[in-house]
Amino acid sequence: MGGNQETHKAYQTRRLTFSACHRLHSPHLSDEDNLLLYGKCNHINGHGHNYIGLSRTKLIKMQHNLTLGFAVKVTLFGEIDPKTGMIMNMTELKKDMEEAVMKPMDHKNLDKDVEFFKTRPSTTENLTVFIWTRMKQMLRKPELLYEVEVYETENNIVKYRGE
């Protein structure tokens, strides 16, 4: 092949779902202020729902109990390698996401089992930052990471791009 090939850039996204329980509670606020701010999500025993992600905008609620199901999308942006036809091998991205997301959080209590949340509330915003940080550590080419998107519910979605 000649060395005069056109290069193209594209976005590559992989989605996964995981379940975890949590309690919205800030160690920087009084119990009364936490209750006023977070309402029923501040219940002493935690809260949650199970969801299965279907597409970018639609999630199906499966049941309501003490487990919270999150849909997570990790998007990369970069040049399509002319030799492989890929930005990154999806199998490698899947392994990195398993290590960054599933291993530390799936079927865990975020507030008690994940060190990051012992000093800050386990909001979807903080969860998205945590996943971003973990993905940056896992990826062989961290500069490809473009966006982390977390669906807590059908209507509650947070996107983070490292800002």
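So, how was this worked out
Residues numbered from 1 in each chain as written. Predicted model: local features only at pLDDT ≥ 70, side-chain atom pairs only at ≥ 80, totals over all residues. Heavy atoms only, no water. Helix = DSSP H or I, 4+ residues; strand = E, 2+ residues; numbered from the N terminus. Buried < 20%, exposed > 50% of the residue type's maximum accessible area, 1.4 Å probe, protein only. Contact = heavy atoms within 4.5 Å. pLDDT = per-residue confidence, 0-100. Phe/Tyr/Trp six-rings, centres within 6.5 Å; stacked < 30°, edge-to-face > 60°. Lys NZ or Arg CZ within 6 Å of the ring centre and 35° of its normal. Salt bridge = Lys/Arg side-chain N within 4 Å of Asp/Glu carboxyl O.

**Topic: the environment of V72**
Here V72 lies in strand β4 (residues 68-79). Classification of V72 by relative accessible area gives buried; the value is 0%. As for V72 and F18, which are separated by 54 residues in sequence, their C-alpha atoms are 8.1 Å apart. Residues within four places of V72 in sequence aside, it is in contact with R14, R15, L16, F18, M97, V101, I131, V148, E149 and V150.

**Focus on the confidence of the model for the protein**
Averaged over all residues, the pLDDT of the protein is 85; the fraction at 70 or higher stands at 84%. The least confident element of the protein is strand β3 (residues 59-64), whose mean pLDDT is 36; the most confident is helix α4 (residues 124-138), at 96. Counting interchain partners and residues more than four positions distant, the pLDDT-below-50 stretch residues 49-67 has 55 contacts.

**A few points about the packing of aromatic side chains**
Under the definition given, this model contains 8 aromatic pairs. A centroid spacing of 4.5 Å and a plane angle of 35° characterise the contact between Y11 and F77, whose relative ring orientation is tilted. Here F77 lies in strand β4 and Y11 lies in strand β1 (residues 9-21), a separation of 66 residues in the sequence. Ring geometry for W132 versus Y160: centroids 5.5 Å apart, planes at 85°, classification edge-to-face. One end of the pair, W132, is in helix α4; the other, Y160, is in strand β7 (residues 157-160), and 28 residues separate them in sequence. Comparing W132 with Y160, the two get one shared label, buried. Here a set of aromatic residues connected by ring pairs shows up, and it is made of Y11, F77 and Y146. For the cation-ring pair, R120 lies above F116, with the distance from its terminal atom to the ring centre recorded as 3.8 Å.

**With respect to unusual backbone geometry**
Although it is not a glycine, H107 adopts a positive phi angle of roughly 55°. Take H107: it is sitting in the loop between α2 (90-105) and β5 (108-109). Of the residues examined, H107 reaches a relative accessible area of 64% and is grouped as exposed.

**Digging into the pattern of salt bridges**
Following the criterion strictly, the structure yields 4 salt bridges and no others. Here E115 ties to K118 by a salt bridge, and the two come within 3.6 Å at their closest N and O atoms. Ionic pairing is found between R161 and E147, a salt bridge with its closest N-O pair at 2.7 Å. One end of the pair, R161, is in the segment after β7; the other, E147, is in strand β6 (residues 145-151), with 14 residues separating them in the sequence. On the basis of relative accessible area, E147 is assigned to the buried category, the value being 4%.

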